[in-house]
Amino acid sequence: DAGVIQSPRHEVTEMGQEVTLRCKPISGHDYLFWYRQTMMRGLELLIYFNNNVPIDDSGMPEDRFSAKMPNASFSTLKIQPSEPRDSAVYFCASSFGGADTQYFGPGTRLTVL
Amino acid sequence: AQKITQTQPGMFVQEKEAVTLDCTYDTSDQSYGLFWYKQPSSGEMIFLIYQGSYDEQNATEGRYSLNFQKARKSANLVISASQLGDSAMYFCAMRGADGLTFGKGTHLIIQP
């Protein structure tokens, strides 16, 4: 079975550019989570969806960050405009039920110059 | 608020020895779950083992076991017969009312 799929795996962009990260959850999972990992702050939950509806976006750092889930098999995390401090690894994870094990994608390593 | 503490930033262990990675948690929730994830140098997060707060027996998955001591609020990961491929970051996480909270991680290095 396919796991969580993320694209791109690596993204290098310049400050001020728009960045879009993509995620395809495991088929049948009804929860989708976006995390950010940095050396300084560790793993932080940014936002999560249940049945395509955003439930908690309190972890989204600023209005520059937005996330959508137009259907059960696709989600995006957008940063506009990007800044160097956004450089991190962004993970998408999915689960069947909010209390169940979350399975992570391979992550997108974002570098903003 | 829930909190996870991993007190060992790094560990060096000889191959084939058993390893215990410490994890303590703090929560006021009655129902919660505890997880361990492995993150090798390649970066992916790999789920290892899960323990529910109401589970009476310690969880085991192959060479991994979770030493769950509810009264002490600890959920240590035990790796038996360590292998070179076990070298990685290990994260303890707790799922409670606030969602999934991760510890800072332990960097485990297995030496030949």
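Everything numeric in this text was worked out from a predicted model, so none of it was measured. (Residues numbered from 1 in each chain as written. Chains lettered and ligands numbered in written order. Predicted model: local features only at pLDDT ≥ 70, side-chain atom pairs only at ≥ 80, totals over all residues. Heavy atoms only, no water.)

K.L.:
Would you take a moment to explain the overall build of chain A for this structure?
P.N.:
Scanning chain A for helices and strands turns up zero helices and eleven strands. Start at the N end of chain A and walk to the C end: the helices and strands fall as β-β-β-β-β-β-β-β-β-β-β. In summary, chain A has a C-alpha radius of gyration of 13 Å against a globular reference of 13 Å for 113 residues, a match within 12%. Burial analysis of chain A (113 residues in total) assigns 47% to the buried set. Relative to all contacts within chain A whose residues are 6 or more apart in sequence, the contacts with residues 24 or more apart total 53%. Surface accessibility of chain A: about 5,700 Å² in total, with carbon and sulfur atoms responsible for 50%. (Helix = DSSP H or I, 4+ residues; strand = E, 2+ residues; numbered from the N terminus. Rg over C-alpha atoms; globule rule 2.2 N^0.38 Å. Buried < 20%, exposed > 50% of the residue type's maximum accessible area, 1.4 Å probe, protein only. Contact = heavy atoms within 4.5 Å. Areas by Shrake-Rupley, 256 points an atom, 1.4 Å probe, with all protein chains shown as cover.)

K.L.:
Before we go on, may I ask you to explain the nonpolar core in this structure?
P.N.:
Nonpolar side chains tend to gather and get buried jointly when the protein is soluble and globular. One finds B:V19, B:Y25, B:W36, B:I49, B:L77, B:Y90 and B:L108 to be the most contacted residues of the largest nonpolar core, which totals 25 residues. For this core, the element with the highest residue contribution is strand β10 (residues 88–96) of chain B, accounting for four residues. If sequence neighbours within four positions are ignored, B:V19 has contacts with B:M11, B:V13, B:L77, B:V78, B:I79, B:S82, B:L108 and B:I110. Within the second largest apolar cluster, 21 residues are counted, among which are A:L46, A:I47, A:L77 and A:V112. (Core = buried A, V, L, I, M, F, W, Y, C linked by side-chain atoms within 4.5 Å.)

K.L.:
Teacher, can you tell me more about the interface of chain A and chain B here?
P.N.:
Bring the parts together and some accessible area is lost; that lost area is often taken as the interface size. Chain A puts 14 residues into the contact, and the matching count from chain B is 13 residues. Of all residues in chain A, A:L43, A:T101 and A:F104 bury the most surface against chain B, accounting for 36% of the area lost on that side. Counting every contact that joins chain A to chain B gives zero salt bridges. Along the contact surface separating chain A from chain B lie two residue pairs in polar contact (both at pLDDT 80 or more). Secondary structure elements with two or more residues in the side of chain A that touches chain B: β4 (31–38) and β10 (103–104) of chain A. Here the residues of the side of chain A that touches chain B are counted per class, giving eight nonpolar, four polar and two charged. (Buried area = accessible area lost by both parts, 1.4 Å probe. Salt bridge = Lys/Arg side-chain N within 4 Å of Asp/Glu carboxyl O. Polar contact = N/O pair within 3.5 Å; in protein donor to acceptor, adjacent residues only side chain to side chain. Nonpolar A, V, L, I, M, F, W, Y, C, P; charged D, E, K, R; others polar.)

K.L.:
Sorry, what's going on with the packing of aromatic side chains here?
P.N.:
How two aromatic rings sit relative to each other is given by the distance of their centres and the angle of their planes. Following the criterion strictly, the structure yields 16 aromatic pairs over all chains and no others. Each ring, one from B:F35 and one from B:Y37, has its centre 6.4 Å from the other, and the planes form 25°; the classification is stacked. In this structure, B:F35 and B:Y37 share a single accessibility class: buried. An aromatic cluster of three or more residues is present, and its members are A:Y31, A:F33, A:Y35, A:Y48, A:F91, A:Y103, A:F104, B:F35, B:Y37, B:F47, B:Y50 and B:F102. One cation-aromatic arrangement involves B:R63 over B:Y64; the distance from NZ or CZ to the ring centre is 5.8 Å. (Phe/Tyr/Trp six-rings, centres within 6.5 Å; stacked < 30°, edge-to-face > 60°. Lys NZ or Arg CZ within 6 Å of the ring centre and 35° of its normal.)

K.L.:
Just checking my understanding: could you explain the side chain of A:Q102 for this structure?
P.N.:
Assignment of secondary structure puts A:Q102 in the loop between β9 (88–95) and β10. For A:Q102, a relative accessible area of 3% puts it in the buried group. At a separation of 2.7 Å, a polar atom in the side chain of A:Q102 contacts the side chain of A:Y35. Apart from residues no more than four positions distant in its own chain, A:Q102 is found in contact with A:F33, A:Y35, A:A93, A:S94, A:S95, B:Y37 and B:L100.

K.L.:
What exactly am I supposed to notice about the pairing of strand β11 (residues 108–112) of chain A here?
P.N.:
Residues and elements named next belong to chain A. Residues T108, L110 and V112 of β11 are buried on one face, while the alternating residues R109 and T111, pointing to the opposite face, are not. Where strand β2 (residues 10–13) meets β11, four bridges bridge the pair, whose relative direction is parallel. Across the sheet, the residue bridging to H10 is R109, located in β11. As defined by bridge partners, β9 adjoins β11 across three bridges and the pair is classed as antiparallel. Following the sheet pairing, A88 is matched in β11 by L110. (Pairing = 2+ DSSP bridges.)

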